[in-house]
Amino acid sequence: MTSRRGSETGRRQRVADVVAAQIEPLTRFRAQDLRELGPEQESWADLTVTTRQRVELDWIVTAHPGALPEGIAACADAQALETELQARLAEAERTAPALIQHWAHEDSGRYRRLLPGGLFSAGLEAPLGLDETCPACEGRARLDCPDCSGGQQPCAGCHGSGRIGCADCRGLGRIACGACHGSGRTASAPAGGTSDCQACSASGWIDCRTCQRQGELPCPDCGGRGRRDCARCQARGEIDCTDCQASGRRHRIGRLREQILVEDQIDIHHPDATVAALCARHLTDPAALGPLATLEAVRWTTAPFAVQATHRLRLPVRQVTLQIGAQPQTFTALGPELRVPELHHAASRLLALDLQTLERNALGSGRHVSEALQRFLASPLNARIAVIGPAAATGDNRVAPDYPAQARERMQQAVERLWQQRLWRPGVALLAGAALLSGGFTLLTAPQPDWMLSALGGGVAAATGALALDWRLRRQLAAEFGGEAGAALVRLLRRAPVWRRGMGLGIGMTLLACALLAWSATRLPPASTRIAAQQAEQQAQAQLAHWAQTGRDYRLRTYPPADWLRTRVEAGDRQAQQVLAWALLLGVADRPVDAAAARRLLKPLATEVPTVDPTVRIGLARATLLLEPRSAAALQAAADNLASIQESQVPEATYTIALLRLAPALVARHGTAAGLEALQHAADMGHPSACLDLGRRLATGHGLRRDPVAARRYLGFAAERGLPGAQQALTTLK
């Protein structure tokens, strides 16, 4: 029990020092942050502790396997054992009141003395025993096995019959014949009919060789015996008796039993009801009151089998109001050691205030989120939670159970909000710069490279810049909050979904902006003009490359622009020279026919190339037809020159021969038969212009017998190929 001198010595320590020592390891507040709003108030609480002890005496007999151990007095029978125990109980009950009175007055000034064990059974504690035969096994030490009969069990596989059905014949003793498939008849090859099956004698069945026509087989589990050895008793039919542990003997031991039941009641009185309620909540263990309170008096009351001690104690109480972080809080200290019962609530409230401030900034305006997070991490507990996680406060009853998880979540939200705040301005600038770079590069270099490549390049540059910006920002955050806590917060940020969404969305928007601005740049006059020129160049080159494969009729072939062809001719392109000559011969694209210019273009090709292209020879013949229509010699020479061309491969040559032979100068000498034959041949080869000419002649009967049906067929073919004038001729015919 604490003396008054010790109590006076304990008052030299301030309550504020105790509070500071408790909250410093958890919160950001230190001793200098605690300001007393008034002097400490000292008072006393009167405590009355009533301890009631009740003695219960009886005897108990327990049964045990085996023979009675040596050293225990043996009784003759159960009646003698019970009589001896009753006598001992009576003796203990007779001496109990005197023993209680003597014990109560032996040391009456001590706090909360408890009756010692064995006080009432002293000298009577020696056990008594009774040796007897085990009633379960009647001394045999063994019991009949409950799972079997004589050590044998019915076989589960055959249910005790010793035989099982044959799996091949399914218990029939016979199986279907494989030769006739159970029909008894087989096919007869010479006659083409059927005959009796020789394998089964036309019965459709053969004997089962597995079971020898029995339909059953000996059970493999029991060997055909129908019974199996019992696994529990190992085929002995008996098991060891568990009551006597296979000894055949049991013994009983009887002894006195004493029980001391203790009941405490604490009554607290203080002028301040709040202090009394506080003491009632926390001073529930009477054994813990010894170091706190001063014992004033003890009063003992005895009964035959009970004793009651009433203790009067005085508990020193000190109260002080402290201002912590602009929050006034009143603390109550008990006893000379200045125990503050609800000090953990104070630390929890201070932590909760910082948590609320951080939550308002992280989820609200966010203007002071950096300061709030720094202030929050100034708490040692919060710094440990940031590094270790919620497990840092496991088992610490000074904080609320859900506080660690909430603190970790709010810290993550705060660092995410701070990362977003500091990233969006440079991020927007980076996005705009990358988009302008892509657009400007496309505008200056169009049509090469393609605007999509420019957008991709700008996007890659922006993504690289975004990653570098994020890396720099995370390093700044780690340095700003410092130590392991800052590094832990950065790791939390890297694992947060908002970081992945933010980076992905930012890079995606940058790519989209770069693509949009690069595409828009292609629509501006400088770039669009260059792109249109490139497209026209590519189209003309494609038309030139595929000119020879675009149709049998040269009139229906696709011709590049004449100006572009002239440019290519000046550059020495022989194919362009040939195509330009034909364009001048046919007057494509509503241009006038210039046969003389065409001849000038084709003559060098006919003399410079060893093997003259048939297209060049046909072109020269067409030029002759246009320039010398009255010269029969020139026309005949041109026709003879084309006659050597394989007409089946070049329908245009056949059609040109027809035009030459139908010229008035040759018709006057040789008639129209040869020309019409060539025209018919060219039309049959699928030449649209030949079909148009032949259809007109058949429609009008010019040089041929009039045939409207054939004329409609040839004109329809020419109209389907899109030859100019064919549709009008077909309409006129109808």
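Details of the structure are given in the entry above.
Residues numbered from 1 in each chain as written. Predicted model: local features only at pLDDT ≥ 70, side-chain atom pairs only at ≥ 80, totals over all residues. Heavy atoms only, no water.

(A) Summary view of the overall build of the chain. Scanning the chain from N- to C-terminus turns up 23 helices and 18 strands. Its C-alpha atoms give the chain a radius of gyration of 60 Å, more than 25% over the compact-globule value 27 Å for 734 residues. Expressed as a percentage of its 734 residues, the buried residues of the chain come to 40%. Once local pairs closer than 6 in sequence are excluded, the contacts in the chain between residues at least 24 apart make up 70%. Carbon and sulfur atoms make up 52% of the accessible area of the chain, which amounts to about 39100 Å² in all. (Helix = DSSP H or I, 4+ residues; strand = E, 2+ residues; numbered from the N terminus. Rg over C-alpha atoms; globule rule 2.2 N^0.38 Å. Buried < 20%, exposed > 50% of the residue type's maximum accessible area, 1.4 Å probe, protein only. Contact = heavy atoms within 4.5 Å. Areas by Shrake-Rupley, 256 points an atom, 1.4 Å probe, with all protein chains shown as cover.)

(B) The arrangement of the pattern of salt bridges in detail. All chains considered together, the criterion is met by 30 salt bridges. Notably, a salt bridge pairs E238 with R142, separated by 3.3 Å at the nearest N-O pair. Of this pair, E238 sits in strand β14 (residues 238-240) while R142 sits in strand β5 (residues 142-144), and the two are 96 residues apart along the sequence. The shortest N-O distance in the salt bridge between R163 and E216 comes to 3.2 Å. Of the two residues, R163 sits in strand β7 (residues 163-165) while E216 sits in strand β12 (residues 216-218), which places them 53 residues apart along the sequence. Using a relative accessible area of 34% as the deciding quantity, one classes R163 as partly exposed. For E216, a relative accessible area of 39% translates into the label partly exposed. (Salt bridge = Lys/Arg side-chain N within 4 Å of Asp/Glu carboxyl O.)

(C) Representation of the pairing of strand β18 (residues 327-334) within the structure. Relative to β18, strand β17 (residues 306-324) runs antiparallel, the two sharing 8 bridges. When the sheet's bridge partners are listed, R318 is paired in β18 with A333. The turn linking β17 back onto β18 is made up of 2 residues, and G325 within it adopts a positive phi angle of 60°. (Pairing = 2+ DSSP bridges.)

(D) Region of the structure containing a nonpolar patch on the surface. Side chains of L453, L456, V460 and L511 sit close together on the surface and give an oily, nonpolar patch of about 360 Å² of accessible area. With 3 residues, the single largest contributor to the nonpolar patch is helix α9 (residues 451-481). (Patch = residues over 30% accessible without salt bridge, like charges linked within 9 Å, V, L, I, M, F, W, Y side chains within 5 Å.)

(E) Main features of the packing of helix α22 (residues 708-720) against helix α23 (residues 726-733). At a minimum axis separation of 8 Å, α22 and α23 run at an interaxial angle of 150°. For the element pair α22 / α23, the angle class is roughly antiparallel. Both α22 and α23 take part in a crossing whose hand is left-handed. Facing α22, whose interface residues are P708, A711, R712, L715, G716, A718 and A719, α23 presents A726, Q727, A729, L730 and L733. Class assignment for the residues of the contact of α22 with α23 results in 9 nonpolar, 2 polar and 1 charged. (Axes fitted to C-alpha atoms, helices over the stretch in contact; angles between N-to-C directions. Parallel < 35°, antiparallel > 145°, perpendicular 65-115°, else oblique. Left-handed = near helix turned anticlockwise from the far one by under 90°. Nonpolar A, V, L, I, M, F, W, Y, C, P; charged D, E, K, R; others polar.)

(F) Representation of the environment of L68 in the model. Mapped onto the elements of the fold, L68 is located in the loop between β2 (41-65) and β3 (73-74). Judged by relative accessible area, which is 15%, L68 ranks as buried. Residues L68 and P526, 458 residues apart in the sequence, show an inter-C-alpha distance of 118 Å. Among residues more than four places away in sequence, those in contact with L68 are A74, G129, L130, D131, H251, R252 and I253.

(G) Molecular detail of the environment of T51. Counting through the fold element by element, T51 comes out in strand β2. Here T51 falls in the buried class, since its relative accessible area comes to 1%. C-alpha separation for the pair T51 and Y111, spaced 60 residues apart in sequence, amounts to 9.9 Å. Residues within four places of T51 in sequence aside, it is in contact with R112, L114, V262, E263, D264, V307, Q308, A309 and H311. Within the structure, T51 has its side chain in polar contact with the side chain of D264 (distance 2.7 Å). (Polar contact = N/O pair within 3.5 Å; in protein donor to acceptor, adjacent residues only side chain to side chain.)

(H) Fine view of the nonpolar core. The biggest cluster of nonpolar side chains holds 68 residues, and the ones touching the most others in it are Y554, Y559, W582, I618 and L660. Apart from residues no more than four positions distant in its own chain, I618 is found in contact with Y554, W582, L642, I645, V650, E652, A653 and T656. Counting residues in each nonpolar core, the second largest holds 54 residues, with I23, L350, L418 and M503 among its members. (Core = buried A, V, L, I, M, F, W, Y, C linked by side-chain atoms within 4.5 Å.)

(I) A look at the side chain of R599. Note that R599 resides in helix α15 (residues 595-608). The exposure class of R599 is buried, given its relative accessible area of 16%. Of the polar contacts made by the side chain of R599, one reaches the side chain of E628; its length is 3.4 Å. The residues touching R599, leaving out its near neighbours within four places in the chain, are L620, A623, T624, L627 and E628.

(J) Examining helix α13 (residues 562-570) more closely. A562, W564 and L565 are the residues of α13 that are buried. Looking straight down α13, one finds its buried side chains confined to an arc of 155°; they lie on one side. For α13, exposure combined with an orientation more than 90 degrees from the buried face picks out D563 and E570. Backbone geometry just after α13 places G572 at a positive phi near 90°. (Arc of directions from axis to C-beta.)

(K) Fine view of the packing of aromatic side chains. Within the structure shown, the criterion is met by 4 aromatic pairs. Residues W547 and Y559 carry aromatic rings whose centres are separated by 5.8 Å and whose planes lie at 65° to one another, so their mutual orientation is edge-to-face. With a gap of 12 residues between them, W547 in the loop between α12 (525-545) and α13 and Y559 in the loop between α12 and α13 connect regions that are remote in the sequence. Take W547 and Y559: they sit in the same class, and that class is buried. With 4.5 Å between their ring centres and 80° between their planes, Y554 and W582 make a pair best called edge-to-face. (Phe/Tyr/Trp six-rings, centres within 6.5 Å; stacked < 30°, edge-to-face > 60°.)

(L) Representation of the packing of helix α7 (residues 380-388) against helix α10 (residues 483-495) in the model. Where α7 contacts α10, the axes come no closer than 8 Å and their chain directions differ by 45°. It follows from the interaxial angle that α7 and α10 lie oblique. α7 and α10 meet at a crossing whose hand is left-handed. Along its contact with α7, which presents A383, A386 and V387, the element α10 presents E484, A485 and A488. Looking at the contact of α7 with α10, its residues break down into 5 nonpolar, no polar and 1 charged.

(M) Main features of unusual backbone geometry. The backbone of R170 shows a phi angle near 55°, a positive value even though the residue is not glycine. Positionally, R170 belongs in the loop between β7 and β8 (174-176). By relative accessible area, which is 76% here, R170 ends up exposed. One non-glycine residue, A246, lies in the positive phi region at around 60°. Mapped onto the elements, A246 comes out in the loop between β14 and β15 (249-269). The partly exposed category is assigned to A246, whose relative accessible area is 36%.

(N) Structural context of the pairing of strand β16 (residues 294-303). In this sheet, β17 lies alongside β16 in antiparallel orientation, the contact comprising 9 bridges. Looking at the pairing, T302 lines up with V307 of β17. Count of turn residues in the β16/β17 antiparallel hairpin: 2 residues.

(O) The arrangement of helix α4 (residues 273-282) in detail. The set of residues buried in α4 consists of V275, A276, L278 and C279. Considered in projection along α4, the buried side chains sweep an arc of 160° and stay on one side of the axis. Relative to its buried face, α4 has exposed residues pointing more than 90 degrees away, namely A273 and T274. Elements that come into contact with the buried residues of α4 comprise β15, β17 and β18. Put simply, D272 is the residue that caps the front of α4, since its side-chain oxygen is 3.0 Å from the backbone nitrogen of T274.

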